[in-house]
Each structure stands twice: as structure tokens, then as C-alpha cells.
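Listed here are the chains, written in short residue letters.
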Amino acid sequence: MAGAVPEGDIDHDTAPDTLSTTPAEAPISRWLGTATRWSVAILLALTPLPLLIGEGPGTLAITAAFAAATTLLAGFERGPARGVFVQLAVIGLAVRGIALLLLAWLESASRTVVLGPDGVGFLRAIHAIVNAGFALPRPSFELFATYDTAHLYLFAGVVGTLGPGLLNLHAVNCALTALLGPLTFGWVRLVAPAAALPVGLLVTFYPSIIYLAATDLWKDPSVIAATTLGLWALAHIVHGKDDTWRLAGFTALAGGALWFVHASRFYALWYLEVGVAAIAVLGLLRGWAVRRGAAVAVLSALAVAEAGPVMAGWPASPLFFVASIAQATNATSLRYYSAGLLDEVAEGGRARPNDGFAIDTVDLGLPERANILQVDTDTASAVPGRFGLVGGAVQIGRRVLGPFIWVPPAAWTPRAVLAGDYLLYPGMLFWYVLLPGMLVGLAVTAGRIFRGQAPFMLGVVWVFTVLYWAQFLVINLPYRQREALFPVLALFAWLGFEELRQRSWAGKMYVFYWIALVGLALAHTAIRLRVVG
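Residues numbered from 1 in each chain as written. Predicted model: local features only at pLDDT ≥ 70, side-chain atom pairs only at ≥ 80, totals over all residues. Heavy atoms only, no water.

Brief notes about the overall build of the chain
Consideration 1: Regarding its fold elements, the chain presents 25 helices and three strands.
Consideration 2: When contacts within the chain are restricted to residue pairs at least 6 apart in sequence, those whose partners lie at least 24 apart make up 80%.
Consideration 3: By element, 68% of the accessible surface of the chain is carried by carbon and sulfur atoms, the whole surface being about 22,900 Å². (Helix = DSSP H or I, 4+ residues; strand = E, 2+ residues; numbered from the N terminus. Contact = heavy atoms within 4.5 Å. Areas by Shrake-Rupley, 256 points an atom, 1.4 Å probe, with all protein chains shown as cover.)

Thoughts on the side chain of Ser222
Consideration 1: Relative to the elements of secondary structure, Ser222 occurs in helix α12 (residues 220–239).
Consideration 2: At a separation of 2.8 Å, a polar atom in the side chain of Ser222 contacts the main-chain carbonyl oxygen of Lys219.
Consideration 3: In contact with Ser222, other than residues within four places in its own chain, are His151, Leu154, Asn173, Leu176 and Phe260. (Polar contact = N/O pair within 3.5 Å; in protein donor to acceptor, adjacent residues only side chain to side chain.)

Overview of the packing of aromatic side chains
Aromatic ring pairs are reported here in terms of the distance separating the ring centres and the angle at which the planes meet.
Consideration 1: Tallying each qualifying case throughout the model produces 28 aromatic pairs.
Consideration 2: Taken together, a centroid distance of 6.4 Å and an interplanar angle of 20° make the contact between Trp406 and Tyr432 stacked. A residue pair is termed long-range when its members are at least 10 positions apart, and Trp406 in the loop between α19 (388–401) and α20 (414–419) and Tyr432 in helix α21 (residues 425–450) qualify at 26 residues.
Consideration 3: For Trp406, a relative accessible area of 18% corresponds to the buried category.
Consideration 4: According to the relative accessible area criterion, Tyr432 is buried, its value standing at 1%.
Consideration 5: Here the aromatic rings of Phe464 and Tyr468 are separated by 5.7 Å at their centres, their planes lie at 70°, and the arrangement is edge-to-face. Taken together, the positions of Phe464 and Tyr468, both in helix α22 (residues 456–474) and four residues apart, correspond to about one turn of that helix. Just as Phe464 is buried, Tyr468 falls in that class too.
Consideration 6: Taking the ring centre of Trp431 as reference, the NZ or CZ of Arg482 above it sits at 4.7 Å. (Phe/Tyr/Trp six-rings, centres within 6.5 Å; stacked < 30°, edge-to-face > 60°. Buried < 20%, exposed > 50% of the residue type's maximum accessible area, 1.4 Å probe, protein only. Lys NZ or Arg CZ within 6 Å of the ring centre and 35° of its normal.)

Some details on the packing of helix α4 (residues 80–110) against helix α9 (residues 180–191)
Consideration 1: The interhelical angle for the contact between α4 and α9, taken along N-to-C directions, is 150°, at an axis separation of 7 Å. As judged from the angle between their axes, α4 and α9 are roughly antiparallel. Residue-level inspection shows Ala81, Val84, Phe85, Leu88 and Ala89 of α4 in contact with α9, the latter providing Gly181, Pro182, Leu183, Phe185 and Arg189.
Consideration 2: Looking at the contact of α4 with α9 residue by residue, the class counts come to eight nonpolar, one polar and one charged. (Axes fitted to C-alpha atoms, helices over the stretch in contact; angles between N-to-C directions. Parallel < 35°, antiparallel > 145°, perpendicular 65-115°, else oblique. Nonpolar A, V, L, I, M, F, W, Y, C, P; charged D, E, K, R; others polar.)

Considerations on the nonpolar core
Within soluble globular proteins, side chains that are nonpolar generally end up buried alongside one another.
Consideration 1: Within the largest apolar cluster, 148 residues are counted, with the highest numbers of intra-cluster contacts made by Trp187, Trp232 and Trp431.
Consideration 2: Once residues lying within four places of it in the same chain are set aside, the contact partners of Trp232 are Leu73, Phe76, Glu77, Phe85, Leu183, Gly186, Trp187, Phe250 and Leu253.
Consideration 3: Judged by nonpolar contacts, the second largest core, of five residues, contains Tyr211, Trp218, Leu424 and Tyr479. (Core = buried A, V, L, I, M, F, W, Y, C linked by side-chain atoms within 4.5 Å.)

Regarding helix α8 (residues 166–178)
Consideration 1: In this model, α8 (13 residues) spans 18 Å end to end at C-alpha, consistent with the 18 Å of a helix rising 1.5 Å per residue.
Consideration 2: Taken across its 13 residues, α8 has 12 buried, putting it largely inside the fold.
Consideration 3: Listing the buried residues of α8 in full gives Leu166, Leu167, Asn168, Leu169, His170, Ala171, Val172, Asn173, Cys174, Ala175, Thr177 and Ala178. (Expected span 1.5 Å × (residues − 1).)

Looking at α22
Consideration 1: For α22, built from 19 residues, the straight-helix expectation of 27 Å at 1.5 Å per residue is met to within 8% by its first-to-last C-alpha distance of 28 Å.
Consideration 2: Among the 19 residues that make up α22, 14 are buried, leaving the element largely enclosed by the rest of the structure.

Okay, here's the thing in C-alpha cells:
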């Protein structure tokens, strides 16, 4: 792909040997060493707990597999980056181990295992796959009425190997998200070295991704991990200086990871392909040098990701994307929120509490019968266009700023907290802090792309991010879909704040942003008190 693309004093031909250009590199390195030692101690302390509570040795096997995967991936890094990769992975796993333990205790205290509609459906599908000996009578997309099934086989493999029980499934999700920090660090250092370590740390400690991994049974952790692994491998292919064997390894990793993405969240692969095509065309028009080996490797990885699932009966991601547009634009529930606060105010009624219902008929393989609290979102009751442009702006505001951290649970009980989006609140604080930087970073990077000053993969990720975020703003998707973007948005946030630091007026604007946010919180709270009170 593109050869050396200077960005300030960064030469991307030499970026693979660069760890970071931050002035505070030495103190951060010392902190990483201390944090890693504590993390190892925490992991050793947590290791026997599953055995003591009768869960079996499954988490031991998962930890061993995580160590093997970390060692393999870190081996592809160069110089001091290899050690940082391992450190971020160990720290990430320790943090998630603590979170998983706390959430397990919270569920035990409330005698509730929280699963949403997706989680219950996934659990049933997992058992169906295992009971069929992984040889279903018909293709999985026919039996389960969805083309997003790769994660089902991942979970089924865990259950078939380690036995039933949610703890092992959550532990796998935690292990996968523990790799997000080091993988993000690994690819960001090739396109924006000064941002690599800060962004890697942000992703490692981002609370919402930890929450998504340690509770319910979502596919998002595996999808985000596969997408990030694909970005990491592609960045090394394009911007690294690797021999034939290392290039082949990166190609295999990218192809396998993106294959998983195709069969679990097809449009993520399509947005990435659009990014590669768009930046490649822009580069050719600007006369960028093309490394034949890198171009062949990237195209091979994308071909494997497309052809593999297609040969098994999946539609090609571009065709599937076009077909899905009609479904999204014709389905009211995908475009409009269900009747909420504004609807109730317009009707002069009272705000409705979140509806939910409990089922206890799914065999989780737990020591005793589980009480599963399944939250029913009831989006089908939406009324299109009730508020016109104002309603559209409100819906976009909900998607960008929600869930609103100033709206408390109906009751401060484990069951009430686990049943809603309240455990996303800590992550929303991260989101509020970084949002101005994200927007500025995306805008600044757009200018660099069109001036031909951005590295190839940074341009690809920019296109991927803009398309994905635009979809979230247009279609009524779950909040966790937005969280899937955090590993890339964190980079743009850092780039944005680096740009804002050079502007004298930026500090005042940031203060006004927080004043506006607090004003929105107060106004929203006042309206709620009026309607509910």
C-alpha cells in the first residue's frame, strides 16, 4: 500500500520500531511495570476461586489459552512494544477478573442471572449446537433465522469443551476484551505512535466494554475483539516491514478474524472494505507508492473473509448490506424509539417504568434452578414522526448521550441495577469526557486524509468509524453497538484533544460544553419529576 507517509515528525516507514513519543514515557513505563506485577498477583489470587465455589477448572483452561494467545500475538510485535503488549494484556485480564467476580457476587446476592432477549436466544442455540454434536441438520442461519451465528459456535465450543455454566462463557468474553487494549496499542503505534500508549490504556480500562464482557451473554465482546484483531493485522501488513513468513502470518490472522466478523456482524466487514477501497483509490489518485506484497496480502485477507462464509451459504457482505437497507428503512422499530418520556409528556400521561418479565425454563447447567430476568425493550410501539425535526434531534441526542447517567434506577437493588443499563453509567462518564475530542479528531483526520497526509490505515479506520457511527445515529440499535466503536473512537479523541491543546479558545469551549451537559441533565430531571411526580 502507501509507502512512507510523513505526519509531522513521524515517518511511518520506521513506525514499527517506535513505541511512543510521549514525554512521560519513562514514568508510564514504570507505572506499567508496577501495575503488571499487581495484576499477576490478582490473577493468582482469583485463580482458585472458581474451584472453591464448585465451578470446575474451566477458567484455568481459559486463562491458559489467553496466555498462549497473548504470547503468540506479542511475538509479532517488535522491540519494546512486545513487552507493553503483554503488560496491557495482563492488566486488562486482571481488571476484568475483578469485575467478573463482583458481578457474579451481585447476581448471587439478588438470586438473579440477568439475560436479555439475545442472551436467552443465544443460550438455547448454544445447547442446540452442542446437543447436535456440532453437526446441525440444516445450516445454522436457517435454523436460527439469522446470519450472525459465528459467536454461537464460539460459545458452543466453550460449553462442549468446558461444560455448561455462564461463568466460563463470561470468562471467555472477558479474555477476548482483555486483548483489545494491547491490540489497539499495536495498530495505533503504526499510524499515530504518540497516541498508542494512552489509547491502549483507555481501551484497557473502558468500563462499558468490561461490563459487556462480564454480564449477560452478548456477542459484542467477540465481535469487537475480532474486528480489532483484523485492524491490527492489516495495519502491520500495510505499515510494517516484515518478511514473507510474518506477512503470511498477519494475512492469516486478518483473514480468520474478518471471517468471524462476516459471520457475526456483516456490516462491520463491509464498512472496513469500503474504507480500504476508498483510501486505495484516493492514494492511487495522489500517486502513493504501492508495495505489491502488502496489496496482495490485504486483498487476500479480505477475499478469505468474504469467500469463506459465502461458500458455506452466507451472502456476500456488500449484497447483504444492500438487502438490509430495505429492512431497516421499512421497520419502524429500527428507526424510532419506543414511546418514552417525550411521548408521555405530549400525551399528558405518566412516564412508564421499564417493563420486564422473568423466565426460569432455560437449563444453564447451574447448581440450582436459575431465575433469569429478561428485559423486554418493546420497540414496536414507536410512532414515526410524532415530533418532526425536533423528535429526530431528540432521538440522535439519545443515541449520542444516552443512557443518561442522571436517571437513577427505580430501586437501588441488585436486581433493578442488573436489569437496566445502569452499569453503563461509568462508561458514559468516559464518553462525555471524550466526546468533543472524538468529533474534533474525526474532523481533523478528514482534512489530513484529503490532503494526503494521513497513513493508509488511519484513513481506512476513519471511513469505517464514520459509516458505523452514522448507522448508529440513523437506526435504532442497542447502546452496546456504540460501545463497539470505542477502541477506534478513543484514537480520534486523543488526536482531537492534541489538536485542541493548540487552540487558546478550546478550554473555554470545553467548559461551555460541560455547562450545556449539566443544563440538559437538570432540564431532563425537572421534566421527569414533573411527569412522574
